[in-house]
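One-letter residues, chain by chain:
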Amino acid sequence: MYVVKSPLSDANLKTVSEALQGGLVDLVDLALVAKQIHWNVVGPRFRSVHLQLDELVGTARTHSDTVAERASALGVSPDGRAATVAVGSGIGVTPEGWVDDTAAVQTIVDALGAVIGRMRERIAATGDPDPVSQDIFIQITADLEKQHWMFQAGNG
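Residues numbered from 1 in each chain as written. Predicted model: local features only at pLDDT ≥ 70, side-chain atom pairs only at ≥ 80, totals over all residues. Heavy atoms only, no water.

K.L.:
In this structure, what is going on with the UniProt feature "domain: Ferritin/DPS" (unreviewed entry) in the protein chain? I would like to understand it.
P.N.:
When the UniProt feature table is mapped onto this chain numbering, "domain: Ferritin/DPS" (unreviewed entry) sits at residues 18–153. Along residues 18–153 the backbone is 79% helical and 3% strand, and the end-to-end C-alpha distance reaches 33 Å. (UniProt positions renumbered as here; feature names shortened; annotations may be inferred. Helix = DSSP H or I, 4+ residues; strand = E, 2+ residues; numbered from the N terminus.)

Below you can see the structure in the form of structure tokens.
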């Protein structure tokens, strides 16, 4: 079996791989949470929230692929399995059943806030060991902060 060799030292690879794996888990869960809310949102702002949630799902899925491929490029096997995501995500519990539009938006604001906080920790952790991965985390965080702002603005 071919194993990809990392250009990073073992210590730096450990730090970076933990950051990438954590980022992958949070992004996969964010996409799942947003899709769950997307299917169950109701209320006067249904259509706009429904469509905005699909944008967030697309953003999270695109970035999760980037993070997983960065891990692979460094010789680290990414793990996006459901069980791994369930135990490793920093996102709280998603409400069950129908969710009114205001509560739906607040759930997403809270989820984004949790993921952004963890992404900022990853930015700090990867700066010295791997500026390339840090740059990925910076871009992800910028995109998620934009989504965070837009959802917050929707609830006034």
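K.L.:
I would appreciate a short explanation of the side chain of aspartate 79 in the present structure.
P.N.:
Looking at the element boundaries, aspartate 79 is found in the loop between helix 2 (46–73) and helix 3 (82–88). Its relative accessible area of 17% is what places aspartate 79 among the buried residues. In this view, aspartate 79 contacts Gln21, Leu24, Val25 and Thr84; residues no more than four positions away in its chain are not counted. (Buried < 20%, exposed > 50% of the residue type's maximum accessible area, 1.4 Å probe, protein only. Contact = heavy atoms within 4.5 Å.)

K.L.:
Explain the pattern of salt bridges to me, please; I cannot follow it from the model alone.
P.N.:
Oppositely charged side chains are able to pair whenever their charged atoms sit close together. According to the stated counting rule, one finds 8 salt bridges in the structure shown. Across the pair arginine 81 and aspartate 79 runs a salt bridge, and its minimum N-O distance is 2.8 Å. Note on arginine 81: relative accessible area 57%, which makes it exposed. Here the salt bridges do not stand alone but share partners, grouping Asp26, Arg118 and Arg122 into one network. (Salt bridge = Lys/Arg side-chain N within 4 Å of Asp/Glu carboxyl O.)

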